[in-house]
Amino acid sequence: MTDQPLLSVRDFRLEFDTFDGVYRAIDGVNFDLIPGESLGIVGETGCGKSVTAKSILGLVPTPPARVVSGQILYNGEDLLTVGEERLRALRGVEIAMIFQDPMTYLNPVFTIGQQLVDVILAHQRWRPSEQRLNRAQARDHAIDMLSRVHLPNPERQLDAYPHQLSGGMRQRVLIAQALSGNPRLLIADEPTTALDVTIQAQILDLIAELMGEFDLSVILISHDLGVVASLCQRVVVMYAGQVVEDASVTRLFSEPGHPYTQGLLKAVPHPGRAASTLSGIPGTLPNLYDPPAGCRFQSRCAHAMPMCTTVPPLYAVADGQRVACHLHAPEASRAGVA
Ligand code: SF4
């Protein structure tokens, strides 16, 4: 692993123009992804994690969305300004994405083979002419990809329609499709949410295996800290369109720094923990049409203090952990404002 980021999201701000006003979905998001790293982005529904991930590939329609500021640097190239033609060349070949419900992203009237071969052929446009695959070679590549995601009888599965496969098998097909262009970065948006728990574990194991095989970096979007812990080395916690904590998985689970992260961890059930010790986070997400001044978590935070009406920066805590909470401000500045 090198320390030079493969992806850097810098001060990214994105708003939606709606009939009800301006919805401030993403507000100053910053994070890096190192080559070979698996990074989890967690947070509750509506926190902006999926919008951030889709923005990397230019998949958020503008309008109604509007990028207000920031950069999304992939290998030093700003994906927010490269234009649609360049994004098309990067999608699938450099950066690929899989989603929550595979059935939504597979066309029910075409066979798995037709869809996989079409995607493989679409990628050929961006390859040097002497390396381009013809249809027969693309079919062989499709069979190879299906066997690499451990789909049984891959050749026979080419003739199957999506409804003939189980949810786990369909997700394997989507992973095969996503990796068929040999990308360097895979973005997985809630890839196991629609699956049974046992199948979830298999899909996460498969992604971990393919990371080594394909030399992949992974961004895993999830609302489930358990899922993130089983695959990722580092976690970014988002709340109301902002990053509130960035830490290694080990550090986040042992020393969560932000009251919101602490609340998320208290809500995770696990064997041996009595149900009576689980607790939710009181309150709801703030209204992002008119977000509060200062810390966006203050209406739900048991530690809120006068200083919290100012925006907390990401304070460096320890071991690369950064926390956007004034509880981590130097003592002197806390005393000064409070
Ligand atoms: Fe709570 Fe203040 Fe920290 Fe926000 S900045 S999480 S309100 S203590």
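So, how was this worked out
Residues numbered from 1 in each chain as written. Predicted model: local features only at pLDDT ≥ 70, side-chain atom pairs only at ≥ 80, totals over all residues. Heavy atoms only, no water. 1 Å grid on protein atoms, 1.4 Å probe; cavity = no way out; pocket = protein on both sides within 12 Å on 5 of 7 lines; lining within 4 Å. Points joined across faces, edges and corners; volume = space filled by probe spheres on them. Helix = DSSP H or I, 4+ residues; strand = E, 2+ residues; numbered from the N terminus. Nonpolar A, V, L, I, M, F, W, Y, C, P; charged D, E, K, R; others polar. Domains from an automatic or database assignment. Buried area = accessible area lost by both parts, 1.4 Å probe. Salt bridge = Lys/Arg side-chain N within 4 Å of Asp/Glu carboxyl O. Polar contact = N/O pair within 3.5 Å; in protein donor to acceptor, adjacent residues only side chain to side chain. Near = heavy atom within 4 Å. Sits in = over half its atoms within 2 Å of the grid points. Buried < 20%, exposed > 50% of the residue type's maximum accessible area, 1.4 Å probe, protein only. Contact = heavy atoms within 4.5 Å. Pairing = 2+ DSSP bridges. Axes fitted to C-alpha atoms, helices over the stretch in contact; angles between N-to-C directions. Expected span 1.5 Å × (residues − 1). pLDDT = per-residue confidence, 0-100.

## Describing the layout of surface pockets
Now for step 1: Empty space within the largest pocket amounts to approximately 430 Å³.
Now for step 2: Around the largest pocket, the lining is made up of 19 residues, and of these G92, M97, V119, H123 and Q177 lie nearest the centre.
Now for step 3: Ranked by the residues each element gives to the lining of the largest pocket, the list is headed by strand β6 (residues 95–98), at 4 residues.
Now for step 4: Taken together, the residues of the lining of the largest pocket sort by class into 13 nonpolar, 3 polar and 3 charged.

## Some thoughts on the domain arrangement of the chain
Now for step 1: Taken as a whole, the chain is organised into domain 1 (7–232) and domain 2 (239–334).
Now for step 2: The distance between the C-alpha centroids of domain 1 and domain 2 comes to 28 Å.
Now for step 3: If you sort the residues of domain 1 by the area they bury against domain 2, R24, E44 and L225 come out on top, with a joint share of 34%.
Now for step 4: Between the two partners, domain 1 and domain 2, sit 2 salt bridges.
Now for step 5: The tally of links from domain 1 across to domain 2 stands at 9 residue pairs in polar contact (both at pLDDT 80 or more).
Now for step 6: Elements represented by at least two residues in the side of domain 1 that touches domain 2 include exactly β2 (21–33) and α9 (225–231).
Now for step 7: In terms of residues, the side of domain 1 that touches domain 2 owes the most to one element, β2, which gives 10 residues.
Now for step 8: A breakdown of the residues in the side of domain 1 that touches domain 2 according to their chemical character gives 10 nonpolar, 6 polar and 4 charged.

## Description of the site of the ligand
Now for step 1: Taken together, the residues surrounding the ligand are H258, P259, C295, F297, Q298, C301, H303, A304, C308, C325, H326 and L327.
Now for step 2: When atoms are counted within 2 Å of each cavity's grid points, the one that captures over half of the ligand is the largest cavity.

## A look at the side chain of H123
Now for step 1: Following the sequence through the fold, H123 ends up in helix α4 (residues 112–124).
Now for step 2: You can call H123 buried: its relative accessible area is 10%.
Now for step 3: Residues in contact with H123, not counting those within four places in the same chain, are R91, G92, V93, Q177, S180 and G181.

## Some thoughts on the sheet that holds strand β9 (residues 234–239)
Now for step 1: Taking strand neighbours across the sheet as the criterion, the 8 strands line up as β6-β7-β8-β3-β9-β10-β12-β11 in an open arrangement whose pairing is mixed. Only two strands of the sheet have a single partner each, and these edge strands are β6 and β11 (315–316).
Now for step 2: Where β11 lies against strand β12 (residues 322–323), 2 bridges are found, and the strand directions are antiparallel. If you follow A316 over to β12, its bridge partner there is R322.
Now for step 3: Across the sheet, helix α7 (residues 167–179) is in contact with β6 and β7 (185–189); its angle to β6 comes to roughly 170 degrees.

## As for the sheet that holds β2
Now for step 1: Read from one edge to the other, the open sheet built from 4 strands follows the order β2-β1-β4-β5, with strand pairing classed as antiparallel. Of all strands in the sheet, those with a lone pairing partner are β2 and β5 (77–78), marking the two edges.
Now for step 2: Bridge count for strand β1 (residues 7–18) against strand β4 (residues 65–74) is 8 bridges, and the pairing is antiparallel. Looking at β4, one finds that F16 is bridged to A65.
Now for step 3: Relative to the sheet, helix α1 (residues 49–56) contacts β1, β2 and β4, its axis offset from that of β1 by approximately 110 degrees.

## Structural notes on the pairing of β2
Now for step 1: In this structure, β1 lies alongside β2, joined through 9 bridges in antiparallel fashion. The partner of L7 across the bridge, within β2, is L33.
Now for step 2: In textbook terms, the turn of a hairpin is the stretch between consecutive antiparallel strands, and for β1 and β2 this stretch comprises 2 residues.

## What about helix α5 (residues 135–148)?
Now for step 1: Relative to the 20 Å expected for 14 residues at 1.5 Å per residue, α5 spans 20 Å between its end C-alpha atoms, a close match to the ideal helical length.
Now for step 2: Against α4, α6 (154–157), α7 and α8 (197–214) lie the buried residues of α5.
Now for step 3: Where α5 starts, the residue carrying a side-chain oxygen 3.2 Å from the main-chain nitrogen of A136 turns out to be N134.
Now for step 4: In the stretch just after α5, H150 is the one whose phi turns positive, near 60 degrees.

## Quick notes on the confidence of the model for the chain
Now for step 1: Predicted confidence across the chain gives a mean pLDDT of 88, with 94% of residues reaching 70 or more.
Now for step 2: Put simply, helix α12 (residues 331–337) is where the chain has its lowest mean pLDDT, 58, and β12 is where it has its highest, 96.

## Description of the pattern of salt bridges
Now for step 1: This model, assessed by the stated rule, comprises 21 salt bridges.
Now for step 2: Of the charged contacts in the structure, one is a salt bridge between D11 and R13, with a shortest N-O distance of 2.4 Å.
Now for step 3: With a shortest N-O distance of 3.5 Å, R148 and D144 are connected by a salt bridge. One end of the pair, R148, and the other, D144, are both in helix α5, 4 residues apart, so they sit about a helical turn from each other.
Now for step 4: Each of E84, E85, R88, R91 and R125 takes part in a single network of salt bridges with overlapping partners.

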